[in-house]
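Single-letter residue listing:
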Number of protein chains: 2
Amino acid sequence: MTNIKEIARRAGVSPSTASRALSGKGYVSEEKKRKVLAAAEEFDYAPNLNALSLKTGTTRRLGLVAPEFAESVSLFTGGFVRAAEEAGYTVTLFITGYDKSKELEALEALRRKQVDALVFVLFQSELPLIAPYVKYGPIVSWQRLVHERIPSVFMDQYDGYMLALEHLYAKGYRRICNVYGASTRLNTQSRIEAFADFCRKYGLDPGVCPSFQNMGDTEDGERLVHWWLENGRIPDAFATTNDRVAAGMVSEARRLGLRIPEDFAVCGFDNLDFAHMLDLTTIHYPVDEQAGNAFAIIRSQIEETDLPLKPLKFHLVERATT
Amino acid sequence: MTNIKEIARRAGVSPSTASRALSGKGYVSEEKKRKVLAAAEEFDYAPNLNALSLKTGTTRRLGLVAPEFAESVSLFTGGFVRAAEEAGYTVTLFITGYDKSKELEALEALRRKQVDALVFVLFQSELPLIAPYVKYGPIVSWQRLVHERIPSVFMDQYDGYMLALEHLYAKGYRRICNVYGASTRLNTQSRIEAFADFCRKYGLDPGVCPSFQNMGDTEDGERLVHWWLENGRIPDAFATTNDRVAAGMVSEARRLGLRIPEDFAVCGFDNLDFAHMLDLTTIHYPVDEQAGNAFAIIRSQIEETDLPLKPLKFHLVERATT
DNA sequence: TTGTACGCGTTATCAA
DNA sequence: TTGATAACGCGTACAA
């Protein structure tokens, strides 16, 4: 509505004096300062942020790119936005629906200076397509990846998965079935390594149960229960991709009258909201703090400082399914 | 990086010709157009959105204000962002943590033209404080409220709650206990009315069970089970605030060895993610489409058109707890 | 069909 | 201590 010129006119000073009075930078006599502030108050003045952005070339706005908005993504988003707001940044959301062209739109927003930086929850596009955009501003990834210019705040799931396996071993389970996620993911590789090391450590036969890959949904978990019934009931415990799969197993088992953990044990991963309600043993990891670290990295790059990152740790949440 | 002036110089034309060539508006000879586009390509030109925003006074950016990101709020957010992106708008997030001053920051963002409009998931502040800001841009609410200038996309829970009650009645339950949410909410009032009408319709005594108010957490649900055990096991069914309370009841009952629905029935509300996993009977309502309507209202106001709103309906999701 | 000049709102620079 | 001027990047009215 009213701009600084108007305020200056009303206060009987020049725009630059008004600017100084309002920003508190530079010399202004007490009297004029008073007048300017009074005029600003009276005529409901508020600086136009777009003008500021144009002038400074910076927006104090960050973009967050996610394929969808559910579960741990909203946790991450919440953590990121809170960290950002605390430092006076604002966050704009880009939901891609796993569509590469939408990812490109977010990258273009960076290029066109709508945001100062981007966090990717997940990449759909190939890295070589993304990488050139770092010249327009910092890009950080939650998804685990290795790239010179694109830092990632992932946690190596080797440790977390080992925690699950050790727990199952301590509880007496010896025929553990691994239910892995997408086979292309580095996380899956880490888990496979963890299992190999685990078997070596305790002298277990890794081939006693088959493993599954590319599992991720509740429905996958439900199917696993039927597989278990129809294939000799071999595994006595399942270490699963995530809580969704675990939840599918637990609820389907319940429907079929099976008993957990007597018939078989289930250990989830993520510690989502519903894990508590299902009394699901699971592995918790600090999504919030990963988000905080993502912001810290971005801020360090933007403000050319060097903010410390929080160390991150998995921990076991023991409930009723093991 | 490179601006339109630079491109014009490289292409040997004036900035305005370059602008016309790039935007496709106005007359430009084919040859110069080609040259300009080639130069733009070569020198990696991308229009600066801040300059555009300054010039047009509009950002094509909307603000979404929520106290936190969990459950149905993330559903709503997802729906809203998708609708907005489809129409070429972008969404900036404001998380208040139930802090009024944070709400004010979002309102100030509107005033300072960082966003063109705001959606509030929930108001913490008093309405008279919010209302004046509509002069800076459209404000829409998800929360139910009545205000001349601030439309709301709420659904009257009378219908939804009646659906739950009718279902419980049809299943043979006659001693229904109402577990309400915050007593100040209009939704609670609607539910109370629904229950009164329901009792009248079937000639039931509304006082056969006590009602509860201000219930909303899982823990509240857990406590209710203990109340039921210690107070004569009177109600044969619970109609609850939301799925959280219902989930608390169901899982606590399970832990205590009670049987649902034999000992008592439970009907939730919201149909959240975990309702499926707990096999919870509940009332579903289309959060997504409410979000779509919120966006439609905003867009109608901004673009001065008149977009149609989708009609919204509750429906019962019958599962194993009734 | 093209180019010049101006304004969007702000602040930094510099001269007074 | 103050004010005129320029500049951020763009679009566009208007003149040529």
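Residues numbered from 1 in each chain as written. Chains lettered and ligands numbered in written order. Predicted model: local features only at pLDDT ≥ 70, side-chain atom pairs only at ≥ 80, totals over all residues. Heavy atoms only, no water.

**Brief notes about the sheet that holds strand β3 (residues 117-120) of chain B**
Filter applied, for reference: Here, any two strands with at least 2 DSSP bridges between them count as paired. In this text, helices come from DSSP runs of H or I with a minimum length of four residues, and strands from runs of E with a minimum of two, each type numbered from the N-terminal end. For helices, the fitted axis covers only the stretch in contact; all axes are lines through C-alpha atoms, and the angles between them, taken along N-to-C directions, range from 0 to 180 degrees. What makes two residues a contact is simply this: any of their non-hydrogen atoms within 4.5 Å.
Pairing is mixed across the open sheet formed by 8 strands, whose spatial order is β4(A)-β3(A)-β1(A)-β2(A)-β2(B)-β1(B)-β3(B)-β4(B). In the strand order of this sheet, the two ends are held by β4 (139-141) of chain A together with β4 (139-141) of chain B, each with one partner. On average, each strand axis in the sheet is tilted by 25 degrees relative to the strand beside it, whichever way the strands run. With 3 bridges joining them, strand β2 (residues 90-95) of chain A and strand β2 (residues 90-95) of chain B adopt antiparallel strand pairing. By the bridge assignment, Thr92(A) is partnered in β2(B) with Thr92(B). The strands touched by helix α5 (residues 72-86) of chain B within the sheet are β2 of chain A together with β1 (61-66), β2 and β3 of chain B, with β2(A) carrying the most contacts at an inclination of about 75 degrees. Where helix α6 (residues 100-111) of chain B meets the sheet, its contacts fall on β1, β2, β3 and β4 of chain B, and the angle it forms with β3(B) comes to roughly 155 degrees.

**Observations regarding the relation of the copies chain B and chain A**
Operational definition: The superposition of copies rests on a least-squares fit of C-alpha positions from residues with pLDDT of 70 or more in both.
Once chain B is rotated about the relating axis by 180 degrees and shifted along it by 0.1 Å, it coincides with chain A to within an RMSD of 0.1 Å. Interpreted geometrically, this transformation is the action of a two-fold axis. No C-alpha of chain B approaches the rotation axis more nearly than that of Thr92(B), which lies at 2.0 Å.

**A word on the pairing of strand β1 (residues 61-66) of chain A**
Residues in a regular strand point their side chains to alternate faces of the sheet. Residues and elements named next belong to chain A. What counts is decided by this rule: Any residue under 20% of the maximum accessible area for its type is buried, any over 50% is exposed, and the rest in between are partly exposed; the area is computed with a 1.4 Å probe on protein chains only.
Among the 6 residues that make up β1, 6 are buried, leaving the element largely enclosed by the rest of the structure. Burial of the side chains of β1 extends over both faces: Arg61, Gly63 and Val65 are buried on one face and Leu62, Leu64 and Ala66 on the other. Two strands pair when backbone bridges link them, and β1 and β2 are joined in this way by 6 bridges, in the parallel orientation. Bridge pairing in β2 links Leu62 to Val91.

**Considering the packing of helix α5 (residues 72-86) of chain A against helix α13 (residues 287-303) of chain A**
Residue and element names in this part refer to chain A. For the record, the criterion: Angle categories: roughly parallel below 35 degrees, roughly antiparallel above 145, roughly perpendicular from 65 to 115, and oblique for all the rest. If you view the pair so one helix is near and one far, a crossing is left-handed when the near helix is turned anticlockwise from the far one by less than a right angle, and right-handed when it is turned clockwise. Under the scheme applied, nonpolar residues are Ala, Val, Leu, Ile, Met, Phe, Trp, Tyr, Cys and Pro; charged residues are Asp, Glu, Lys and Arg; polar residues are all the others, including Gly.
Packing of α5 against α13 leaves a shortest axis separation of 8 Å and a crossing angle of 45 degrees. Looking at the two axes, α5 sits oblique to α13. Crossing of α5 against α13: the hand is right-handed. Along its contact with α5, which presents Ser72, Leu75, Phe76, Gly79, Phe80, Arg82, Ala83 and Ala84, the element α13 presents Val287, Asp288, Gln290, Ala291, Gly292, Ala294, Phe295 and Ile298. Looking at side-chain class alone, the contact of α5 with α13 contains 10 nonpolar, 4 polar and 2 charged residues.

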